[in-house]
Amino acid sequence: MPLLVLALVLSSAVVHATWNLWAKQLGPAVRQVPLLWLMTAISSLCYAVFAWVTIARTHWLPDGVSLVLILGSGLIHVGYFFLLLRGYRAGDLSLVYPLARGTGPLLATAGAVAVFGEHPTAWSVTGALLVVTGVAVMTAPAARGARGHASIAVGYGLATGVAIAVYTLWDGWGVKRAGVPPLVFYWAGEVVRVLTLTPLALGQRAEVASLWRTQRARVIGIAFLSPLSYILILLALRRGDVGHIAPAREVSILIGAWLGNRVLGEGDRRRRLVAAAAFAAGVIALALS
């Protein structure tokens, strides 16, 4: 994996874990539609200028295929965000986040081979397996003992991982094979999400206003960092293989687990050290592939 691609992926991991921490800190009382609508509305406005500058510089023009890909991406991401936030309402960051981020690369790597015809190297396969092993070490005890709300959280974490794999493959096709500029692709998807969520948000205007009054700074932060983390991945996807990038980005699990421990008080440090060793070895293997 080229060093530039690795740098983009690791930067995305830091940004991604940070906004997930903030989303978890909002608490279970926050309803999903108001948060998602505010996030997408703010980020679509923030990134509009950059998207149009990119369009002007690249002279990119949409066609039927790119519009379908953008529409599909927007809808898939709506489902992803709903599943993720549901998981955070049901369980801990250190349980839901690793499950979601760990299931995705395994499926995405397999899908990259089947859909894109990519040929993983021995290093990339080893790296992917090490990353998945780290996820297993980190989450297996919690999953085995899951009951009630915890078992629901495990289910949402796994479902979110499936959504991650789907959008990774779908969006990878959009920016790499269909040639849509990454920033434009994500921004247009945000517009789709705003339009999709607006009818629901209109029915929850009071909740939207309350969330804006009480959590304005955190919502703005999430709205800025969430697109940034994925735009960095889309830039990486234009320069590298999906089968390499999807597992490598899961180093964010380490960061998220550390934040869950240090900020939210979610413990079990010894098990996380073992998982950290597996993740670190996996990222090194992917970088060598």
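Reading guide: rules and limits
Residues numbered from 1 in each chain as written. Predicted model: local features only at pLDDT ≥ 70, side-chain atom pairs only at ≥ 80, totals over all residues. Heavy atoms only, no water. Helix = DSSP H or I, 4+ residues; strand = E, 2+ residues; numbered from the N terminus. Buried < 20%, exposed > 50% of the residue type's maximum accessible area, 1.4 Å probe, protein only. Contact = heavy atoms within 4.5 Å. Areas by Shrake-Rupley, 256 points an atom, 1.4 Å probe, with all protein chains shown as cover. Core = buried A, V, L, I, M, F, W, Y, C linked by side-chain atoms within 4.5 Å. Polar contact = N/O pair within 3.5 Å; in protein donor to acceptor, adjacent residues only side chain to side chain. Phe/Tyr/Trp six-rings, centres within 6.5 Å; stacked < 30°, edge-to-face > 60°. Patch = residues over 30% accessible without salt bridge, like charges linked within 9 Å, V, L, I, M, F, W, Y side chains within 5 Å. Salt bridge = Lys/Arg side-chain N within 4 Å of Asp/Glu carboxyl O. Axes fitted to C-alpha atoms, helices over the stretch in contact; angles between N-to-C directions. Parallel < 35°, antiparallel > 145°, perpendicular 65-115°, else oblique. Left-handed = near helix turned anticlockwise from the far one by under 90°. Nonpolar A, V, L, I, M, F, W, Y, C, P; charged D, E, K, R; others polar. Expected span 1.5 Å × (residues − 1). Arc of directions from axis to C-beta.

Undergrad: Honestly, the overall build of the chain in this entry has me stumped. Any pointers?
TA: Per the secondary structure count, the chain includes 12 helices and zero strands. Ordering the α and β elements of the chain from the N terminus gives α-α-α-α-α-α-α-α-α-α-α-α. Taken over 289 residues, the chain has a buried fraction of 54%. Partitioning the intrachain contacts of the chain with sequence separation of at least 6 by distance along the chain shows that 91% fall at a separation of at least 24. If you sum the accessible surface of the chain, you get close to 12,300 Å²; carbon and sulfur atoms cover 70% of it.

Undergrad: Before we go on, may I ask you to explain the nonpolar core in this structure?
TA: Note on soluble globular proteins: their nonpolar side chains tend to be buried together. Counting residues in hydrophobic clusters, the biggest one holds 68 residues, and the most contacted among them are W19, L35 and Y80. Counting residues per element, this core draws most heavily on helix α9 (residues 205-237), which supplies 13 residues. Discounting chain neighbours no more than four positions away, the residues touching L35 are L26, V30, L85, L211 and V219. With five residues, the next largest nonpolar core counts V131, V135, I253 and A275 among its residues.

Undergrad: What am I meant to see in the side chain of S73 here?
TA: Within the secondary structure, S73 sits in helix α4 (residues 64-90). A polar contact of 2.8 Å, which involves the side chain of S73, links it to the side chain of D171. In contact with S73, other than residues within four places in its own chain, are W170, D171, F185 and R193.

Undergrad: So what exactly am I meant to see when it comes to the packing of aromatic side chains here?
TA: On inspection of all chains with the given rule, the structure shows eight aromatic pairs. With centroids separated by 5.0 Å and ring planes inclined at 55 degrees, the aromatic side chains of Y80 and F81 adopt a geometry described as tilted. Measuring from centroid to centroid gives 5.6 Å for Y186 and Y230, while their planes differ by 55 degrees, and the two rings are tilted. Residue Y186 is found in helix α8 (residues 182-202), and its partner Y230 is found in helix α9; the two are separated by 44 residues along the sequence. For the residue pair Y186 and Y230, the accessibility class agrees, reading buried in each case.

Undergrad: Looking at this structure, I do not really get a nonpolar patch on the surface. What am I missing?
TA: On the surface, V49, F50 and V53 cluster together into a nonpolar patch covering about 280 Å² of accessible area. You can see F50 is positioned in helix α3 (residues 48-58).

Undergrad: Quick question: what am I supposed to make of the packing of helix α1 (residues 3-25) against α9 here?
TA: The description of two packed helices rests on the angle between their axes and on the distance between the axes. Two elements in contact, α1 and α9, have axes separated by 8 Å at closest approach and are oriented at 155 degrees. As judged from the angle between their axes, α1 and α9 are roughly antiparallel. Between α1 and α9 lies a crossing of left-handed hand. Across the interface between the two elements, V5, L8, V9, S11, S12, V15, H16, T18, W19, W22, A23 and Q25 of α1 pack against R218, G221, I222, L225, S226, L228, S229, L232, I233, L235 and A236 of α9. Residue classes in the contact of α1 with α9 are distributed as 14 nonpolar, eight polar and one charged.

Undergrad: Any chance you could explain the packing of helix α2 (residues 32-46) against α8 here in plain terms?
TA: For the pair α2 and α8, the least separation of the axes is 8 Å and the interaxial angle reads 145 degrees. Note on packing geometry: the crossing formed by α2 with α8 is left-handed. Of the residues in α8, those in contact with V33, L36, W37, M39, T40, A41, S43 and S44 of α2 are W187, E190, V191, R193, V194, L197, T198, L200 and A201. A breakdown of the residues in the contact of α2 with α8 according to their chemical character gives 11 nonpolar, four polar and two charged.

Undergrad: Whenever I open this one, α2 confuses me. Can you help?
TA: Count 3.6 residues to each turn of an α-helix, and residues three or four apart come out pointing the same way. The terminal C-alpha atoms of α2, which comprises 15 residues, lie 21 Å apart, in line with the 21 Å expected from a rise of 1.5 Å per residue. Across the 15 residues of α2, 12 count as buried, placing the element largely inside the fold. When α2 is considered as a whole, its buried residues turn out to be Q32, V33, P34, L35, L36, L38, M39, T40, A41, I42, S43 and S44.

Undergrad: Just checking my understanding: could you explain unusual backbone geometry for this structure?
TA: Excluding glycine, most residues fall at negative phi; most peptide bonds, likewise, are trans. Although it is not a glycine, H59 sits at a positive phi angle of roughly 60 degrees. Following the sequence through the fold, H59 ends up in the loop between α3 and α4.

Undergrad: Whenever I open this one, the side chain of T54 confuses me. Can you help?
TA: Structurally, T54 can be placed in helix α3. A polar side-chain atom of T54 sits 2.8 Å from the main-chain carbonyl oxygen of F50. Excluding residues within four positions of it along the chain, T54 makes contact with P181, L183 and V184.

Undergrad: Can you help me understand α3 in this one?
TA: Every buried residue belonging to α3 is among A48, A51, T54 and I55, and all of these are buried. Along α3, the residues classed as buried sweep out an arc of 130 degrees about the axis, all on the same side. Those residues of α3 that are exposed and aimed more than 90 degrees away from the buried face are V49 and R57. Its buried side turned inward, α3 meets α2 and α8.

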